[in-house]
Structures are given as structure tokens and as C-alpha cells.
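Here is what each chain is made of, one letter per residue.
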Amino acid sequence: MAEGHGHTSAATTQRAGATYKRRLFAAFLLIGAFFVVELVGGLVTNSLALLSDAGHMLTDVIGLGMALAAIQAASAASRNQQRTFGLYRLEILAALANAVLLFAVAVWILWESIQRFADPPEVLGTPMLIVAVIGLLVNLVAFQLLRGGAADSLNIEGAYLEVLADTLGSVGVVIAAVVIQTTGFTLIDPIFGVAIGLFVLPRTWRLGSKALRILLQSAPEHVDVDELATELTALDGVAGTHDLHVWTLTSGMEVASVHLRLDTDIDPHRVLDEARAILRDHWQVEHATIQIEPAAHGGCADCEKQTW
């Protein structure tokens, strides 16, 4: 006897990304347009900090584009009956790709900054300041557009972190431009380049780690599998628990499957409801498939991986 519960989680997850689709598209257009401006400005002023920020904006454009494509593909795939879970994993793949892009840009910034310490070039402070201020305003708008969705979708969080890094990078560029304009101290340019790179790296690592954890189907960080198994086994009438698996399909969609062996003359409906309540209320796992077996049933003996 098997029964699934919490089927609204799939729709909720799809809405998590789709709700912010328009905001994501607006941020994509805004940052894409200014990337060209900042790239030209960095080349004209010879500013590494400005070019670094332009590099971040390029990864933003690519990352936001992938995030949009992932949401669109997941939405379209949800209408394909052969893809029973849709293409929710595309959002996680997009987040991982964003992390890789950010990491590559951060390493390039650090390397180029080190080179410039030995031979600092002339930097045009005033044009650099003008472009940096405009860039900061653009990033602030994009940051506000994506801020609300970062907690609901790893895909949106990836785009949000990129824009956050860009926003702080733009602040650094503005400060560097002011220092160059007022003091002529051009070494501030590679100094802020290093600062931007060091700021981006740990956040990139965190995002990539979260995406890999989901792709490897590890249990969510907030779920203690042993404790969950103990709670399920402690239910009145449950003789044993096995084949318990908990994983994350995509942001906000935790999934579980488990086999419960019941004692004789136990109401399976009561056990299903109580098991569902434990998964939903204690562990925030709403999409669960629970298989009920009589205690004497031996058909799963060969497939049991762990028994509680």
C-alpha cells in the first residue's frame, strides 16, 4: 500500500522561480545594457577596478540569462507528462554554472591585480568615477528586484549573489575613483580589485556547494535522517523502517520515500497520517511517498539498505 502526500510542493516550487521571472528579466536587460557602457568605460579609463566590475556584469548577464532559461524550460517541461518532475533540476544546474563563472572571474581579478601592483598604469579618475556611480545605481536597482526571491529559489539566489557582489564591487570602484581623483594614488585600483575578488570567492564557494549538494541528492542540511527514522519507527504499530531516503529536488522542494513495516491489525491510514505529519511539521518535507508493508512481508529483504 503506497500513498503520496504534499503534492502542492511541486507547484509551490515552480512558482518560486516563476514569480520573479519578470523581475529577473528586467534585471537582465538593465545589467546587459550597462555592461557595454562599463566595458567601454574601463577600456577608456584603463581602470582594472572598472573592468573587474564589467567582468562581474558580464557573468551577471550570462547568469541571469541562464536563470531565465531554466525557469522557462522548467515551466514548459511541467506540461510534459513523461517528465514527472518537470525540469526543476535545470535551476540547480544554472546556479552551479553561475558559481563556476563567478569563481573564474574572481581568480582573474586577483591575478590581474597582483600584476598591477608591480606596474600600476595611469588611470583616468573622473570618467572612471562617472561610470562607477552609474554602475552603482544600476546594481542597486537590480539588487532590489531580486532580493525578495533569493530565499525561495537557489536559481534566483545565484543571480542575486552575483548582483550583490557587483553592487559592492561598484561601491569599491566609486571609492577607488574618488581616491585617484583627489590624491592620484593609482595603487588603490588594484587594491580594490583584490578586495572584490576576495569578497566574491567565499560566496561563490557557498553557492556551488549548495548546488552540488542537491545534485548529489544528499539529505537537506536541516534533516537528520537518523532522527527522522527513529521518529517514524517510534510510531504506534510500526515494527520497522527501511529504505528511507530524503533529498532536495530543487529549491524549496524536499522529497522523501520510506518503507514502514506494520504490526498485525494496525490501521495503515492512521500510520500514514502520523508519518506524513512528522515529515511535514517537524522536517518541512511535504512531498513524500510512504510504502506500508505487513511485518511478515519479506519482498523487500534484498533491497533494504538500512533498517531502523
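Higher on the page you've got the structure.
Here is what the cut-offs are and how they apply
- Residues numbered from 1 in each chain as written.
- Predicted model: local features only at pLDDT ≥ 70, side-chain atom pairs only at ≥ 80, totals over all residues.
- Heavy atoms only, no water.
- Helix = DSSP H or I, 4+ residues; strand = E, 2+ residues; numbered from the N terminus.
- Contact = heavy atoms within 4.5 Å.
- Areas by Shrake-Rupley, 256 points an atom, 1.4 Å probe, with all protein chains shown as cover.
- Buried < 20%, exposed > 50% of the residue type's maximum accessible area, 1.4 Å probe, protein only.
- Core = buried A, V, L, I, M, F, W, Y, C linked by side-chain atoms within 4.5 Å.
- Phe/Tyr/Trp six-rings, centres within 6.5 Å; stacked < 30°, edge-to-face > 60°.
- Expected span 1.5 Å × (residues − 1).
- Arc of directions from axis to C-beta.
- Polar contact = N/O pair within 3.5 Å; in protein donor to acceptor, adjacent residues only side chain to side chain.
- Salt bridge = Lys/Arg side-chain N within 4 Å of Asp/Glu carboxyl O.
- Axes fitted to C-alpha atoms, helices over the stretch in contact; angles between N-to-C directions.
- Left-handed = near helix turned anticlockwise from the far one by under 90°.
- Nonpolar A, V, L, I, M, F, W, Y, C, P; charged D, E, K, R; others polar.
- Patch = residues over 30% accessible without salt bridge, like charges linked within 9 Å, V, L, I, M, F, W, Y side chains within 5 Å.
- Pairing = 2+ DSSP bridges.

Here's the deal with the overall build of the protein chain
Argument step 1. For the protein chain, the count of helices and strands is nine helices and four strands.
Argument step 2. Put simply, 78% of the contacts in the protein chain that link residues at least 6 apart link residues at least 24 apart.
Argument step 3. If you sum the accessible surface of the protein chain, you get close to 14100 Å²; carbon and sulfur atoms cover 62% of it.

Points about the environment of Val271
Argument step 1. Its location among the elements puts Val271 in helix H9 (residues 268-282).
Argument step 2. Residue classification places Val271 among the buried positions, given a relative accessible area of 0%.
Argument step 3. For the pair Val271 and Leu260, spaced eleven residues apart in the sequence, the C-alpha separation amounts to 8.9 Å.
Argument step 4. When neighbours within four sequence positions are excluded, Val271 is seen to be in contact with Leu235, Asp236, Val238, Leu260, Leu262, Ile266 and Ile292.

Thoughts on the nonpolar core
Argument step 1. Grouped together as the largest cluster of nonpolar side chains are 40 residues, with contacts concentrated most on Leu24, Ile31, Leu64, Met128 and Leu146.
Argument step 2. Those elements giving two or more residues to this core turn out to be helix H2 (21-45), helix H3 (48-77), helix H4 (89-118), helix H5 (125-147), helix H6 (154-183) and helix H7 (188-215).
Argument step 3. With eleven residues, H6 is the largest single contributor of residues to this core.
Argument step 4. When neighbours within four sequence positions are excluded, Leu64 is seen to be in contact with Leu24, Ala27, Phe28, Ile31, Leu146, Ala159 and Glu162.
Argument step 5. With 22 residues, the next largest nonpolar core counts Ala256, Leu272, Val285 and Ile290 among its residues.

Let's talk about the packing of aromatic side chains
Argument step 1. On inspection of all chains with the given rule, the structure shows one aromatic pair.
Argument step 2. Between Phe25 and Phe28, the aromatic rings sit 6.4 Å apart at their centres with planes inclined by 25°, giving stacked as the arrangement. Of this pair, Phe25 and Phe28 both sit in helix H2, three residues apart, which is roughly one turn of that helix.
Argument step 3. Overall, the relative accessible area of 43% leaves Phe25 in the partly exposed class.

Concerning H9
Along an α-helix, a turn takes 3.6 residues, which lines up residues three or four apart on a common side.
Argument step 1. With 15 residues, H9 should reach 21 Å at 1.5 Å per residue; the first-to-last C-alpha distance of 21 Å fits that figure.
Argument step 2. Inspection of H9 places Val271, Leu272, Ala275, Ile278 and Leu279 among the buried residues, and these make up the whole buried set. In a view along the axis of H9, the buried residues occupy a sector of 125°, so they form one face of it.
Argument step 3. Near the N-terminus of H9, the side chain that reaches the backbone nitrogen of His269, with its oxygen 3.2 Å away, is that of Asp267.
Argument step 4. Positioned one or two residues after H9, Gln284 has a phi angle of 55°, which is positive.

Section: the pattern of salt bridges
Argument step 1. One pass over the full model with this rule turns up two salt bridges.
Argument step 2. Notably, a salt bridge pairs Arg280 with Asp281, separated by 2.8 Å at the nearest N-O pair.
Argument step 3. According to the relative accessible area criterion, Arg280 is partly exposed, its value standing at 29%.

Brief notes about the packing of helix H8 (residues 225-233) against H9
Argument step 1. H9 packs onto H8 with a crossing angle of 145° between their chain directions and a minimal axis gap of 10 Å. Both H8 and H9 take part in a crossing whose hand is right-handed. Taken together, the residues of H9 that come into contact with H8 (itself represented by Glu227, Leu228, Glu231 and Leu232) are Ala275, Ile278, Leu279 and His282.
Argument step 2. For the contact of H8 with H9, the per-class residue count stands at five nonpolar, one polar and two charged.

Topic: a nonpolar patch on the surface
Argument step 1. Taken together, Val36, Val40, Val44 and Leu124 make up a surface patch of nonpolar side chains, about 330 Å² in accessible area.
Argument step 2. In this fold, Leu124 is placed in the loop between H4 and H5.

What to know about the pairing of strand S3 (residues 253-262)
Argument step 1. Summarising burial for S3: nine of the ten residues are buried, a large majority.
Argument step 2. Summarising the sheet, strand S2 (residues 238-250) and S3 pair through nine bridges and their orientation is antiparallel. When the bridges of S3 are listed, Thr250 appears paired with Met253.
Argument step 3. Counting the residues that bridge the hairpin from S2 to S3 gives two residues, and of these Gly252 lies at a positive phi of roughly 80°.

Nothing here speaks to function; it is geometry throughout.
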